[in-house]
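Analysis of the macromolecular model
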Amino acid sequence: MDAQNLLTIYADLQKILLNTRDTSKLLPNLINHAFFKLSQIDMHPLYMGGLFINENKQIMDSYIKDAYSSINVAENTRDPDSTYYKVNVMLNNTNSAQKLNSGKLVLVDDIQAILPKNLTDGDKIKCVILSPIIIENSLKGLLIIGIDKSTLLPEEEAFIQIMTNLAGSAYKLQDNQNTLTNITQELYKTNAQLRQLDKMKDQLIAVTSHELRTPATIVQNYLWMMLYKSDERTILGEKDKERLEHSYMSIQNLIHLISDILDVSKIESNRLELNFSQVDYEGTINDIIRAQMPKITAKNLTIVLNKAPDVPDKIYTDIMRLHEIFSNLISNAVKFTEKGGVVINVKRKDNNLIFEIKDTGRGISPEFLPNLFKKFYREDISYTASNPETGGTGLGLYIVKSIIELMHGSITVQSELGRGTTFIITLPAAPVNSPLLDTSALKSLTSTGVIHREDYLKKMSERPSTTEVVITDKKKTILLVEDDPDMQHLYSEFLTDDFNIVLAENGLTAFEKMEKEQFDVILLDIMMPKMDGIKFLEKRKGNKHLLNVPVIILTNLGSEDVLKQCMELGATATIMKSDVTPDQIPPIINRTLAK
Amino acid sequence: MDIYVELIGAIIKEQQQIVGPAALMQAKRIPGIHIEESGHLTLEGDGKELTQTLVEHYAQLFGQASVQMCKEAIKPLIDKISPDDLPVILKI
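Residues numbered from 1 in each chain as written. Chains lettered and ligands numbered in written order. Predicted model: local features only at pLDDT ≥ 70, side-chain atom pairs only at ≥ 80, totals over all residues. Heavy atoms only, no water.

**Let's talk about the packing of aromatic side chains**
According to the stated counting rule, one finds eight aromatic pairs over all chains in the structure shown. Seen from their ring centres, Phe35 of chain A and Phe36 of chain A are 5.7 Å apart, and the 85° between their planes marks the pair as edge-to-face. Exposure remark for Phe35 of chain A: the relative accessible area of 3% places this residue in the buried category. In this structure Phe36 of chain A comes out as partly exposed when scored by relative accessible area, which is 44%. A ring pair is formed by Phe373 of chain A and Phe423 of chain A, whose centres lie 6.3 Å apart and whose planes are at 75°; its orientation type is edge-to-face. In this pair, Phe373 of chain A sits in the loop between β11 (352-359) and α9 (381-386) while Phe423 of chain A sits in strand β13 (residues 420-428), placing the two residues 50 residues apart along the sequence. By relative accessible area, which is 15% here, Phe373 of chain A ends up buried. According to the relative accessible area criterion, Phe423 of chain A is buried, its value standing at 7%. Feature note: the residues Tyr188 of chain A together with Tyr58 and Phe62 of chain B constitute an aromatic cluster, connected by ring pairs. Against the face of Phe511 of chain A rests Lys539 of chain A, its NZ or CZ located 4.5 Å from the ring centre. (Phe/Tyr/Trp six-rings, centres within 6.5 Å; stacked < 30°, edge-to-face > 60°. Buried < 20%, exposed > 50% of the residue type's maximum accessible area, 1.4 Å probe, protein only. Helix = DSSP H or I, 4+ residues; strand = E, 2+ residues; numbered from the N terminus. Lys NZ or Arg CZ within 6 Å of the ring centre and 35° of its normal.)

As structure tokens, then:
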């Protein structure tokens, strides 16, 4: 036998192992090819098998090949004439097992002691070679080769041993892979169950927050109307006004708490998604300053925004979340400052924008600073809880930090008791390639309606102005699709000055009304019985005539996925009921109508 | 948008929620599924076959439970595709 030939065969068999992608086919592939390769030299195998055993000498895997059939997996059988059965008996015989454990080849002349009687060409087999597969110093299997001669040359014996080691490596790889696959699949099952539970939790939080927000929004809006939309019939005394203001502030805090809980839930389940676009951050900060002006004026504070000349006008970020960050930090600065004021500096450093929010407030104690961005941590629980002006949930800064990190930015704080606090935010000014490819890279796979959201946010943050009123000779008619009677009453009351209102308690009734009457705009709730907002939008898509009537989603449902779905189904804008005051809705409707 | 781009996108996103970055890495191994650094997905070849191959690939790695999750992932899109165009592996 030519040594060069043997090396070539060995290299070929190695290649077969390396090229087998499906590791479960490593052993059958190897045995199959080895059978043919050995036929090319003088060994002429008539039968070849590979059997693998566990610690208890039980056969775990076995592959059999002869000249007349393709490779097959030998079944666990009790047929006393099967190789499977015979090898099992032999392995339980101490003498045979001892010989094999020594790692040497065993040649068996009594063919039928190993192979089945009725084997095709069985009479041509003169000898059966049992080559032990030793892995980690113990017998893990056997390579069984039936040949047409009674003896082996030393080089043939050496070659069979090399081949057996190759089979052992393949088995080890296959076994490891099987173990890994089993573990992966078990982990997958657990993760999939967790994912389902997570979805249920999100749904529960979304529904619960919706149910909590709805009555809170009604109370908030009626209080707003009593405080700021008083007419001759409602003249409030100073004491009543003060009580109402406290109630209004408390209900706003409750709504913020619900939003914060929703945000934390999204952050913790990695479901907080950002929708990037070019954002006029200066406009956003000015909007927040405007919203804080009543408090700033009441406390006789000053507030200044300084922008360095080399700072770009726009930043590539998520406008809604940027609004949330600055709103939180600026309102905190105003909240905890009694004298002096707040300065907001915007600078540029390399490709980043640096925002400093500096106040002259009471400062943060050094002991508390390390806990500042942790969930539910508040410096002085008694102080904050007893004072609705300074009370909070202890979630705001945790949310702020999480959002900033998601934007690939950072936040730090410097503070001195009695002198004030400075928050320093660093945000990338340009798009950043996300290293978190798993959560963000596929965002472009779906259209997210970013423009709508930005548009919505701009509208939301703008105060009503007389110049925004659409000049028209007659009142426009709104179809308000809303199931909650209190909400129906509320919106009818404050929209009725500017619009004609027709009510529908669900999507189905809305379609009935639309068959009889023309509407200029539809205000649509999402969660409704019989036909919800999503189903309404889907059905509307199939009716070209109805597509001309713009739909504004008016909801308290905190699921961004659902809001995105609404945008994809053709809604013009979404309004979170709890985030707007009644005076902000007519301008949004008018703008939609003007388009 | 090509319905198969939507299907494959939804499937990869769902698998990402369960196994993390491995889902995207494995999807990129399917010849004909191209995912750019930006996340933009394009298909080259028969979309139905590519979808079938991707789900089979996930099933081989993660087991039958992954097929169920793929079916869950495409539920919101099921009305957009006729039963004949749906890959066999995703049929309910």
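**Overview of the confidence of the model for chain A**
All names here are of chain A. Per-residue confidence for chain A gives a mean pLDDT of 80, with 86% of residues at or over 70. Within the model, the stretch residues 382-386 combines pLDDT values under 50 with eight contacts to residues more than four positions away or in other chains. A low-confidence stretch, residues 432-472 (pLDDT under 50), is modelled with 87 contacts involving residues beyond four sequence positions or located in other chains. (pLDDT = per-residue confidence, 0-100. Contact = heavy atoms within 4.5 Å.)

**What about the pattern of salt bridges?**
Pairs can form between side chains of opposite charge whenever their charged atoms are close. Within the structure shown, the criterion is met by 21 salt bridges over all chains. The closest approach of N and O atoms between Lys347 of chain A and Glu356 of chain A, which form a salt bridge, is 2.9 Å. A residue is classified by how much of its surface remains accessible, and Glu356 of chain A, at 12% relative accessible area, is buried. One salt bridge in this structure joins Glu482 of chain A and Lys577 of chain A, with 2.7 Å as the shortest N-O distance. Taken together, the positions of Glu482 of chain A in the loop between β14 (476-481) and α13 (485-495) and Lys577 of chain A in the loop between β18 (573-576) and α17 (585-594) put the pair 95 residues apart, joining distant regions of the chain. Each member of the pair, Glu482 of chain A as well as Lys577 of chain A, carries the same accessibility label: buried. Overlapping salt bridges, with partners in common, bring together Arg195 and Lys199 of chain A together with Glu14 of chain B in one network. (Salt bridge = Lys/Arg side-chain N within 4 Å of Asp/Glu carboxyl O.)

**Considerations on helix α15 (residues 533-541) of chain A**
Since there are 3.6 residues in each turn of an α-helix, residues three or four apart along the chain are aligned in direction. Residues and elements named next belong to chain A. Those residues of α15 not exposed but buried are Gly533, Ile534, Phe536, Leu537 and Arg540. Across the axial projection of α15, the buried residues extend over an arc of 160°, all falling on one side. The N-terminus of α15 is capped by Asp532, whose side-chain oxygen sits 3.2 Å from the backbone nitrogen of Ile534. (Arc of directions from axis to C-beta. Polar contact = N/O pair within 3.5 Å; in protein donor to acceptor, adjacent residues only side chain to side chain.)

**Observations concerning the sheet that holds strand β17 (residues 551-555) of chain A**
All names here are of chain A. Spatially, the five strands line up as an open sheet ordered β15-β14-β16-β17-β18, and their pairing is parallel. With partners counted over all chains shown, the strands left at the sheet margins are β15 (499-504) and β18, one partner each. Between one strand axis and the next, the sheet turns through 25° on average, direction left out of account. Two strands pair when backbone bridges link them, and strand β16 (residues 521-524) and β17 are joined in this way by three bridges, in the parallel orientation. Opposite Ile522, over in β17, you have Val551 as the bridge partner. (Pairing = 2+ DSSP bridges. Axes fitted to C-alpha atoms, helices over the stretch in contact; angles between N-to-C directions.)

**Considerations on the sheet that holds strand β12 (residues 410-416) of chain A**
Hydrogen bonding along the main chain pairs the strands of a sheet, whether they run parallel or antiparallel. Residue and element names in this part refer to chain A. On the basis of which strands lie adjacent, the open sheet formed by five strands has the order β8-β10-β11-β13-β12 and mixed pairing. Looking along the sheet, the strands with just one partner apiece sit at the ends: β8 (302-307) and β12. In this sheet, neighbouring strand axes are inclined to one another by 15° on average, regardless of whether the strands run parallel or antiparallel. Helix α7 (residues 281-298) contacts β8, β10 (341-349) and β11 of the sheet and is inclined by roughly 170° relative to β8.

**Examining the side chain of Thr284 of chain A**
All names here are of chain A. Within the secondary structure layout, Thr284 lies in helix α7. For Thr284, a relative accessible area of 5% gives the class buried. Leaving out residues up to four positions away in the same chain, Thr284 has contacts with Val279, Ile319 and His323.

**Some thoughts on the environment of Gly533 of chain A**
All names here are of chain A. With respect to the secondary-structure elements, Gly533 resides in helix α15. You can call Gly533 buried: its relative accessible area is 0%. As for Gly533 and Ile553, which are separated by 20 residues in sequence, their C-alpha atoms are 8.2 Å apart. Ignoring any residue separated from it by four or fewer positions in sequence, one finds Gly533 in contact with Leu524, Asp525, Ile526 and Met528.

**So, the interface of chain A and chain B**
With 20 residues of chain A at the contact, the number on the chain B side is 31 residues. For the pair chain A and chain B, the summed buried surface comes to about 2,200 Å²; carbon and sulfur atoms form 56% of the total. Close ionic contact of Glu14 of chain B with Lys199 of chain A constitutes a salt bridge, the shortest N to O distance being 3.4 Å. At the boundary of chain A with chain B, the tally comes to five residue pairs in polar contact (both at pLDDT 80 or more). Elements with a minimum of two residues in the side of chain A that touches chain B: α5 (154-228) and α11 (437-440) of chain A. When residues of the side of chain A that touches chain B are assigned to their parent elements, the largest contribution, 10 residues, is made by α5 of chain A. Partitioned by chemical class, the residues of the side of chain A that touches chain B number six nonpolar, seven polar and seven charged. (Buried area = accessible area lost by both parts, 1.4 Å probe. Nonpolar A, V, L, I, M, F, W, Y, C, P; charged D, E, K, R; others polar.)

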